[in-house]
Amino acid sequence: MEQVKCECGHVNPIGTVLCEACGKPLEEVPMLLDMRYEGSARRSQTYNQTIVDKIWNFFSSVKVGVWLIVITLVASAIGTIYPQQMYIPPTVSPAEYYEEQYGWLGKWYYALGFHDLYSSWWYMLLIALIGVSLVICSLDRVVPLYRALNNQRVTRNEQFLQRQRLFSRSQVKDYENALPRVVDRLTKRGYRIREENGNILAEKGRFSRWGPYVNHIGLIVFLIGAMLRFVPGMYVDESMWIREGEIKEIPGTNGKYFLENKTFIFEVYEKEKEKEAFQAAIDRVGSGMMAKNYQTDVVLYERVGSIVAGEEPKLKEVKSFSIRVNEPLKHDHYALYQVDFKLNELKSMSFHLTDKQTDKSFGTITVDLIQPEKEYDLGNGYKVQLLSYFPDFYFDENGNPNTRSKVPNNPAFVFKMFAPDRPKGEVSFTAIRQTIEPFGDNKYKMAFAGADTRHVSALTVRRDFTLWILGIGGTIFMIGLIQGMYWNHRRVWIQRINEDVLIAAHTNKNWFGLKKELERIFNDTPFVMPIDQLDKRS
Amino acid sequence: MKEKRFWLRTVILAIMLAAIGYTIYSNVFVEKKTIQVGDSAPDFVLTDLNGNKIQLSDYRGKGVFLNFWGTWCKPCEKEMPYINSQYNVYKNEGVEVIAVNAGEAKVTVQTFVDRFQLTFPVVIDQQDQVMNAYNIGPLPATFLIDKEGKIVDIITGMMTEEDVKKYMERIQP
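What counts, and where the lines are drawn
- Residues numbered from 1 in each chain as written.
- Chains lettered and ligands numbered in written order.
- Predicted model: local features only at pLDDT ≥ 70, side-chain atom pairs only at ≥ 80, totals over all residues.
- Heavy atoms only, no water.
- Pairing = 2+ DSSP bridges.
- Helix = DSSP H or I, 4+ residues; strand = E, 2+ residues; numbered from the N terminus.
- Axes fitted to C-alpha atoms, helices over the stretch in contact; angles between N-to-C directions.
- UniProt positions renumbered as here; feature names shortened; annotations may be inferred.
- pLDDT = per-residue confidence, 0-100.
- Domains from an automatic or database assignment.
- Core = buried A, V, L, I, M, F, W, Y, C linked by side-chain atoms within 4.5 Å.
- Buried < 20%, exposed > 50% of the residue type's maximum accessible area, 1.4 Å probe, protein only.
- Contact = heavy atoms within 4.5 Å.
- Phe/Tyr/Trp six-rings, centres within 6.5 Å; stacked < 30°, edge-to-face > 60°.
- Lys NZ or Arg CZ within 6 Å of the ring centre and 35° of its normal.
- Polar contact = N/O pair within 3.5 Å; in protein donor to acceptor, adjacent residues only side chain to side chain.

**Q** I would appreciate a short explanation of the sheet that holds strand β10 (residues 314–324) of chain A in the present structure.
**A** Two pairing modes exist for strands in a sheet, parallel and antiparallel, and in both the strands are linked by backbone hydrogen bonds. All names here are of chain A. Strand order in the open sheet formed by four strands is β7-β8-β9-β10, with antiparallel pairing between adjacent strands. Edge positions in the sheet fall to β7 (247–249) and β10, since each has one partner strand and no second. Pairwise comparison of adjacent strand axes, ignoring direction, gives a mean angle of 30° for this sheet. Pairing analysis gives ten bridges linking strand β9 (residues 291–304) to β10, with the strands arranged antiparallel. Each residue of the ladder has a partner; that of L300, found in β10, is K319.

Quick look at the structure:
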């Protein structure tokens, strides 16, 4: 391997700009030194032989990293132009929907995967490449930087000192006696002092230099956590609608757990019921307008015995709980959260079998809207048959009655009514506020007699084994950020060359703070305060 | 030194490539996480409209064309007659059809079955248990199950009569 030997005797890796030990420029450099990475040799720039090196060097470029981030940002922005797939009506095919709604732009939007951006392969690839860039950029910089800071000597090359931004050269009378006072002040300000032949290197806050790399480690841990969500069993995110009185399998639990919805409670703030202090606030929004509580009282069951889907389950009660917003039911790492509700869904409807002329009723039937009976016997030769049932009725494009869903939003029925004087029965199509008699005038009708309703609650089912990894990643991220932000890496060199005393100082940030500190250190001493060479030139 | 560097870089790149490959593969190229082609089809028991228990495991040795549907779903309505007519051809070749309705009222399902004169067993998944086990999203969804009980293919969206024929041929024992 090629190496560069400095005149101070230190052997540097090829590509080094400033000697790791004495700081002498090894290449043509500007008047003021660029101290980023201590002028060390970034590995990427030095070797470029195999294909592996070429890939490595590509990702080692910060420019490439920035471009990857910019492309990702632009793609994310484009992803907000049209709605994402989860927000379009669930009944339509996305392929048709985007083209219908937005023309050829919509067609391409869908074809390129912008409709489900976070799951499209190229978006994931972009994120992954940013991760790769992060790892390689960091490795390629932290290792040489560590080497350079570790190898630095107290005695520096004259050129290194005079090309620092803060620098002074003067002749100091009584150097030996004046120096301890300065050293003492530096020590009190937290500098660690190294001495060599009467020369001084005072340094503090070096650990601040590792901040960005610690931060990147946090990001990588975070990305790994996000990646683990795709491993089966690590992450469950499902939702379920459950009616009052219903017992249902909890999705995402592989048939192991069932839930019963005892009751759903929706409460609002009302004027009379709250304390005096809240009256003004309630008045402002209106009494009964502000939600106070969404709550589902549930019973959790575990299925016992072998699990065959569809079989009537044998259930063992685990616990009763009241799920409220931000107070999930937790069990076996699963958490059930309150997310939505629907008030007063129709549960059953009642009808009187009525003579249209006399308005006389011959009995009442109650039709369960989830599982209606086929036949309702009213005695004395009166009975009603249910021929068809449309829970969410509409007339389709052929003019036939049809249903939009299985939810009883707008129930409609085809009844056949039997009476002693109508033994063959009369057919009546009965919907809300609508009756059609398809085969002519009937003698009887089904008169609406009332309806029962119940509430429906929506719950989110979560199980997340990646959360602690994300937490650790986030914490490391913050530690790195704080480390790099709130501490500065400051160094002061005091060196005597022949009769002159050279003082130079460097910080990785906050030059103003460093100057203030140097003023306090060199105040009332024979030393000349270093001057900012950037000011001098302008 | 040069050797060491080469291997270090190769190993780091390989690890990252493997992680990325896995993530993208498991996300984009695998349909659903909990059930996929090649798995053995989860067993289930449901009752058909005549009160007979239909259990999937009883169909070992035959190809099963497992269709999930609802009466409100227009593509389901369109493909049902195709399935019916192809079933009449392929039932003699050892292909069975089970149509799992997404938990609607019996009366509603019965009306639909009568209207299209469906001859294969239609079962109702009252509690969504089978829908959950097969991770059903939008309807219709069809699972092709071979005579060993393995899932050969998962089809989401509407099928033409030509498609149905092709799929039944694939699972013919």
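**Q** Sorry, what's going on with the UniProt feature "transmembrane region" (unreviewed entry) in chain B here?
**A** If you check UniProt for "transmembrane region" (unreviewed entry), the listed places come out as residues 6–25 of chain B in our numbering. Along residues 6–25 of chain B, the helical share is 100% and the strand share 0%, with 28 Å between the first and last C-alpha atoms.

**Q** I tried to follow the confidence of the model for chain B on my own but got confused; where do I start?
**A** Keep in mind that low pLDDT regions are not for reading the predicted coordinates in detail. For chain B, the average pLDDT comes to 87, and 95% of its residues sit at 70 or higher. No element of chain B has a lower mean pLDDT than helix α1 (residues 2–29) of chain B, which averages 82, and none a higher one than strand β5 (residues 122–124) of chain B, which averages 94.

**Q** Teacher, can you tell me more about the domain arrangement of chain A here?
**A** Accessible area lost during the coming together of the parts is what is often quoted as the interface size. On domain assignment, one finds that chain A holds domain 1 (3–149), domain 2 (166–205 + 488–537), domain 3 (235–344 + 458–463) and domain 4 (346–453). A C-alpha centroid distance of 67 Å is found between domain 2 of chain A and domain 3 of chain A.

**Q** Any chance you could explain the nonpolar core here in plain terms?
**A** One recurring pattern in soluble globular proteins is that nonpolar side chains are buried together. Core analysis: the biggest nonpolar cluster contains 51 residues, and F44(B), F65(B), L66(B), I98(B), Y134(B) and F143(B) have the highest contact counts within it. Residues within four places of F44(B) in sequence aside, it is in contact with V308(A), A309(A), I54(B), Q55(B), L56(B), L66(B), I98(B), V100(B), V130(B) and Y134(B).

**Q** Quick question: what am I supposed to make of the domain arrangement of chain B here?
**A** With domains assigned, chain B is organised as domain 1 (1–30) and domain 2 (45–171). Its C-alpha centre places domain 1 of chain B at a distance of 43 Å from the equivalent point of domain 2 of chain B.

**Q** Explain the UniProt feature "domain: ResB-like" (unreviewed entry) in chain A here, please?
**A** Mapped onto the present numbering, the UniProt feature "domain: ResB-like" (unreviewed entry) falls on residues 62–428 and 441–519 of chain A. With 37% helix and 47% strand, residues 441–519 of chain A has its two end C-alpha atoms placed 107 Å apart.

**Q** I keep staring at the sheet that holds strand β23 (residues 500–507) of chain A and nothing clicks. Help me out?
**A** Residues and elements named next belong to chain A. On the basis of which strands lie adjacent, the open sheet formed by six strands has the order β4-β5-β22-β23-β3-β24 and antiparallel pairing. Whereas interior strands pair on both sides, the edge strands pair on one side only; in this sheet they are β4 (192–196) and β24 (531–532). Pairing between β4 and strand β5 (residues 199–204): five bridges, direction antiparallel. Considered in β5, the bridge of I193 is made with A202. Set on the sheet, helix α6 (residues 175–188) makes contact with β4, β5, β22 (490–497) and β23; between it and β22 the angle comes to about 175°. Each of β3 (166–170), β5, β22, β23 and β24 touches helix α10 (residues 511–522); the most contacted strand, β23, lies at about 145° to it.

**Q** Is there a simple way to think about the packing of aromatic side chains in this case?
**A** All names here are of chain A. Applying the stated rule across the entire model yields 40 aromatic pairs over all chains. Directly above the ring of Y235 sits R229, whose terminal nitrogen or CZ lies 4.0 Å from the centroid. Over the face of the ring belonging to Y394 we find R404, whose NZ or CZ atom lies 4.4 Å from the ring centre.

**Q** Looking at this structure, how should I read the side chain of Q129(B)?
**A** By secondary structure assignment, the location of Q129(B) is in helix α4 (residues 129–133). On the accessibility criterion, Q129(B) (1% relative accessible area) is buried. Reaching out from Q129(B), the side chain makes a polar contact with the backbone nitrogen of G310(A) at a distance of 2.9 Å. Excluding its chain neighbours within four sequence positions, the residues that come into contact with Q129(B) are E249(A), F258(A), R303(A), V308(A), A309(A), G310(A), E311(A) and P313(A).

**Q** Sorry, what's going on with the environment of K62(B) here?
**A** All names here are of chain B. Inspection of the secondary structure assignment puts K62 in the loop between β2 (53–55) and β3 (63–69). With a relative accessible area of 36%, K62 lands in the partly exposed category. Sequence separation of K62 and I12 is 50 residues, and the distance between their C-alpha atoms is 49 Å. Excluding anything up to four places from it in sequence, K62 contacts G94, E96, I145, D146, K147 and P173. In this structure the side chain of K62 is engaged in a polar contact, spanning 3.2 Å, whose partner is the side chain of E96.

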